[in-house]
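Structure at a glance
For reference, the chains in residue letters:
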Amino acid sequence: MASNSMKSRLSIDKTWLGESMSMIAAPELTLIRPKQRVKDILDGVLNHGNLAGGEVYHEVHLRHRAPKRETVKTFGVLNFVAGSIPDASLASWAASEKLFPWVAVAAPLTVRFAASSEPESDNVQDPGKSGEPGRLYSVLPLPIPTGLPVHIHGLFSISADRSRLHGLGDSGVHDDRPESWNKFLFSQMIPGAWAKLLVNVCQNCQAQDLFHLWPTTTSEVHRWWYGMIRAVMDIASQNDDPVWFTELGYVSLQDGLLASEAINVQQKRAFREAELRIIYLTDELLEEARQTLGGRSLRPRTVYEGLRQIRSFEHLSSQSKLVVLEYLQHEIPLTDLAALQIFPFNDGIFRSLTSPPIFLHRDIFDKKLFQRQPDSTLDTDQVSGATSSWLHERAKEDDSIVRYRNPTDLCDYFLNHIANGSSDTLAFDREERSMLSEVWEWIMRHCQGDLPLPALGSLWLVPLRDSGVRKLIPSDVSNSATWFENGKGKEIALKIIAVDPSKAPKLVADDALSDVALQCLLAFAEKESLLRLKDGNKLEYFLKFLEEARILLQNATEDVKDSVFCMVKELYRSRKGININIDTDVLRSLCIFKEIQWPVDATGSSTMIRSSTDLTRNVTFVGMRKLVPLPLSSTQVFLEATDEWARSLFEDLNLVRCLGQIQILEELVIPALQDSSYEHMTSKFRLDVTEMLFQNYFRLSTSAQACIPSLPVVPLERRKEDQSLIFACPVDVVDPHQSALVSLYFEDEMTVPEMHFYHRFSGVLVSCGMMNRVDERLVLDRISTYARKQVPFDVVASRAEKLLQSPICADSSRPDEFTQSVRNCVWLPAQSPERSHSLTNSFECRDSDEEPFVGRVWHTLPFRVEQSWRSILGWQNRIQVDVLMSQLVRSIDASDVPSVEQTLFYLDGNYAFEDYVRRLSGLNFIRSSNGLFISPAQACRDGGERLMPYLYNVDSRFWSDHVGIMTHANVPKIPDLERLHDVQKALESKGALDEADLDVAVEIAHIWGSQSPESFYSLKVPDDTGLLVDVYSLMFNDAPWVSDVNRAVAHPKLSRAIADRLKMQPVSDLLRNGDLGISDIDEDEFNQCEEVADGIRDTLDRYTRESTFHEYLANADDCGSASAVNFLFDGTSYNTEHLLTTDLNSLQGPAVLIHNDGGEQAFITLN
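The text that follows walks through the structure, step by step, so that each part is easy to find. This is a predicted model, so every value here is computed, not measured.

**Describing the overall build of the protein**
Along the backbone of the protein there are 43 helices and 41 strands. Here the C-alpha radius of gyration of the protein, 71 Å, is well above what a compact globule of 1167 residues would show, namely 32 Å. A principal-axis box enclosing the C-alpha atoms of the protein has dimensions of 185 × 145 × 55 Å. Taking all 1167 residues of the protein together, 47% fall into the buried category. Intrachain contacts of the protein at a sequence separation of at least 6 include 63% that bridge at least 24 residues. Accessible surface for the protein amounts to roughly 59,500 Å². Of this, 48% is attributable to carbon and sulfur atoms. Looking at charge distribution, the protein has the averaged site of its 116 positive side-chain charges lying 14 Å from that of its 164 negative ones.

**Quick look at the pattern of salt bridges**
Applying the stated criterion across every chain yields a total of 47 salt bridges. The partner of aspartate 688 in a salt bridge is lysine 684, and the shortest N-O contact between them spans 3.3 Å. Linking aspartate 688 with lysine 684, this pair stays in helix 23 (residues 683-695), spanning four residues, or about one helical turn. Residues joined by salt bridges that share partners form a network here, namely Arg846, Asp847, Glu850 and Arg870.

**Some details on helix 23**
With 13 residues, helix 23 should reach 18 Å at 1.5 Å per residue; the first-to-last C-alpha distance of 18 Å fits that figure. Those residues of helix 23 that sit buried are Ser683, Phe685, Arg686, Leu687, Asp688, Val689, Thr690, Glu691, Met692, Leu693 and Phe694.

**What to know about the packing of aromatic side chains**
What the rule picks out here adds up to 26 aromatic pairs. Measuring from ring centre to ring centre gives 6.4 Å for phenylalanine 542 and phenylalanine 545, while their planes differ by 25°; the resulting arrangement is stacked. Of this pair, phenylalanine 542 and phenylalanine 545 both sit in helix 17 (residues 539-548), three residues apart, which is roughly one turn of the helix. Exposure remark for phenylalanine 542: the relative accessible area of 0% places this residue in the buried category. Note on phenylalanine 694 and phenylalanine 757: the rings are 5.1 Å apart at their centroids and 80° apart in plane angle, and the pair reads as edge-to-face. Separated by 63 residues along the polypeptide, phenylalanine 694 in helix 23 and phenylalanine 757 in helix 26 (residues 755-767) bring together distant segments of the chain. Across the pair, phenylalanine 757 and phenylalanine 694 agree in class, each one buried. Connected via pairs of aromatic rings, a cluster forms that spans Phe156, Phe186, Trp224 and Trp225. Across the ring face of tyrosine 280, the terminal group of lysine 268 is positioned such that the distance to the ring centre comes to 5.0 Å. In this structure, arginine 782 is placed above the aromatic ring of tyrosine 745, and the distance from its NZ or CZ to the ring centre is 3.9 Å.

**Quick notes on the environment of glutamate 441**
Examined against the element boundaries, glutamate 441 turns out to sit in helix 13 (residues 430-446). Along the primary structure glutamate 441 and serine 612 are separated by 171 residues, whereas in three dimensions their C-alpha atoms are 42 Å apart. Excluding anything up to four places from it in sequence, glutamate 441 contacts Phe365 and Ser514.

The rules we used
- Residues numbered from 1 in each chain as written.
- Predicted model: local features only at pLDDT ≥ 70, side-chain atom pairs only at ≥ 80, totals over all residues.
- Heavy atoms only, no water.
- Helix = DSSP H or I, 4+ residues; strand = E, 2+ residues; numbered from the N terminus.
- Rg over C-alpha atoms; globule rule 2.2 N^0.38 Å.
- Buried < 20%, exposed > 50% of the residue type's maximum accessible area, 1.4 Å probe, protein only.
- Contact = heavy atoms within 4.5 Å.
- Areas by Shrake-Rupley, 256 points an atom, 1.4 Å probe, with all protein chains shown as cover.
- Lys, Arg positive; Asp, Glu negative; His and termini not counted.
- Charge placed at Lys NZ, Arg CZ, Asp CG, Glu CD.
- Salt bridge = Lys/Arg side-chain N within 4 Å of Asp/Glu carboxyl O.
- Expected span 1.5 Å × (residues − 1).
- Phe/Tyr/Trp six-rings, centres within 6.5 Å; stacked < 30°, edge-to-face > 60°.
- Lys NZ or Arg CZ within 6 Å of the ring centre and 35° of its normal.

If you want it as structure tokens, here you go:
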């Protein structure tokens, strides 16, 4: 293959609008120009019989300059000339058409962008990936875009207008040689040139992905270039051309593996590190390449075959090895993969599987246990879950390459990595003991419930209480050991041994194993005597253990001894009913029984004392089924026997007599309470005893119950200053639920049970006589305490008040001594009439209900007593009239309206009017409408409002509330003549009356005229000077304009209505009768006298309407000072009752009023 790479500069320089394009040549090249070479090849083929043809490859650089930008495009161009045409007929036709087999393919390689002023700042881009479509050329460009990544030149058979190629659908054409010629170019010449172009580009460029220069696929079968990709790939494959890009360089199709470019990054990295030549293609190219002869796809098998050629895998990273392993395990058997060094081991090294044994951990327990054997164990934590599962499946199917460990492997591992020796017992450190537990865990998991003694019997698998570990099967039979299952037995054994480890028997240290492992060991021991293990959880073996450790047990702590006793009880219970021999003397000699004592010092400890004892002393041992505090006894020792199996142990074996709770209370507690033995014990113990007594009160015998009320068994509520509880008898305490009773006591009085105790036993306390109501005993105790208690008044008062407001239990047989004591005792918290506080008796005292009647005379309580107290205090009788009258007088003096009214109510409700009305007549006890207190002589129901301050109206509510008293006190409904006459006398004595008294005098005249319209004897009315004169000597002045009446007239305040009612003659009558004349105030020269109506009428007759109004205007003008005249129409008809004469009636109708603002001068002018 002839191939030349040349760069030449053509003498082409075109400029458009400031832009230019030129070709760039490399002046240092000395080869012949590519164009000349093409011509020489064509000349040899056409003229000199050169049948080989030839090709020329060169690169072309096109520069395009713009004002501020320069672009340089690089193309790889290959010209290919064939030496001959296989078809002679086609060759002859081509020669006649002057067509010859010459094609060229130009592939865009790079595009460089730069600013014109900064040529150094290049920006290179691959043009093939920019999507610029290729075209067809035939010397000159054809208008036929191909969509291919290259431009194609050829001497095609084209139409005359150069718009299309001949063939492929030409209709009506009988000569098929043009189509055959074009077909020859596209099926042979152009694919060959394209393949040669790719070879030259790959040779002249750095290794890079150039698949974008390969033909693209198309589904348009009518295109000449349909199938171009297949043709190019076939030629490249046939020629074994290294045009396939891999990350390790260009290779031929046969030397690479075809793969999708979508493969994950980890696999790409792994294959690159393994130096596998992988050709990554798009899906379209990959599909075509797979159909090409010689193409091999990337598969586990092809990868495996490539890896087999690698001598060492050291250059692969750990991650890449894992990726390769996971990739291959899907298809390659483990027998084939075993030779590859891609398997991770626990020591961090990757190895092959050719050096057995190779182990695989079953689980995390295997991994933890066999961690000291990392070089022979695969590390499955590094591989994926799928790979791990695959390895486990292979191990289960065939363990010749990889396998799980068996008991024999465990034995070898134990002896080589954990422990080894010659004696039955070895000392293990902490780590080795920890691994011992793991070994047992492995045995539990993988020995299927069996203990393979042949394989494991020689291992040190039995942990002892110290750091020693015994062989599973000891060589010496004396090396037996006792074991206890995890629980109380184990704890007891360890505590006993801890007293003196040097004297301790051998015990299995079951805390070194898990519960499951321990159970497994014990189960094996039950079946296999060779293990030399005894079950310490059985009573017979436990007693033997205690017998052996008796000295240790005696020196053990109390809690250890307690535990031993509990263990004996439990084992006895578990073995009850089974025929076993128990040595009671051994039991009696053991210091494991619990003696109970309670401190006798009342100020000492309140904690019960337990101490261990044996049963060998010469006293009576009493088992207590219930721990009830008891005083010390010199003849009895009390043992704890609270649980059933302790009692069963004591009684079944005839060790101790046990008493129940009721027996203890009746036989031991009550006698101790009666002889005061409990007074020396702490409050807590006493409280415990009392609680038990009350809890079981109704279970006690009748005789025992009768003792309780008089025993000090009730704890009282503790005060702050109390150091300990105080106990009282049930009959001396008060029910705290009855808060009213509790409040009757002072704070320093201890009378209330402790609240928690009360809530629990209130019913029993009531049965035992606890006070829960107000009765004679409680009352006498309280009032005597109140009378003598030296505390502030309000402290006593508050409690006495609560007592007086509490009902006393009804008792028909209440003794007189009780009533007299209550009445005589000075204990009532009263308020004196002077409003001071003091204690008093009941004789001159009442409660708040009667305070309005007696509060200003007697002592009163500021509250209301409960009804049942009234008869006891003697307050059921009515209050004497003398006391009520004294209360009334003092209330009136104090203007105490409520007290006055309440006292009147009381009088009215409890006494007849005759008993007190006479004594009321001299008192100002009546409330007037203006709030004053007045006497009956000053009062009337209505009509006195204008007669004050001589007579008053009674307040309407006061009248309605006390109408009976008002009636019997002779208070009239309205002022009568007698009272009016008394008021008139009072006024007459004053002489000329002032305005207020004038109003009173006028009102007297008004009322008198209403009550006695026919007789006015002794009635006096004020005249115009304000003096009171006889009504018959006065006239009513209804003509005030008359200047001189020459008669005595009534005061102007007296109305016409009152005057008419009093039959007083009006002045107008004198005028009508002519007894009085009207003098002309103008006194004209004629000294004429006429009636007013006649004068007005005469004036109107002498003037017309129009002239009358003109006259009014003229009068205003004559005035001189008038500036306006006003006319007002009044359409009202006025009353004619009081006119001077009846002739004026017609003038009381509608009228016109004329006014001007000329002032006084207007009247003069009008006149």
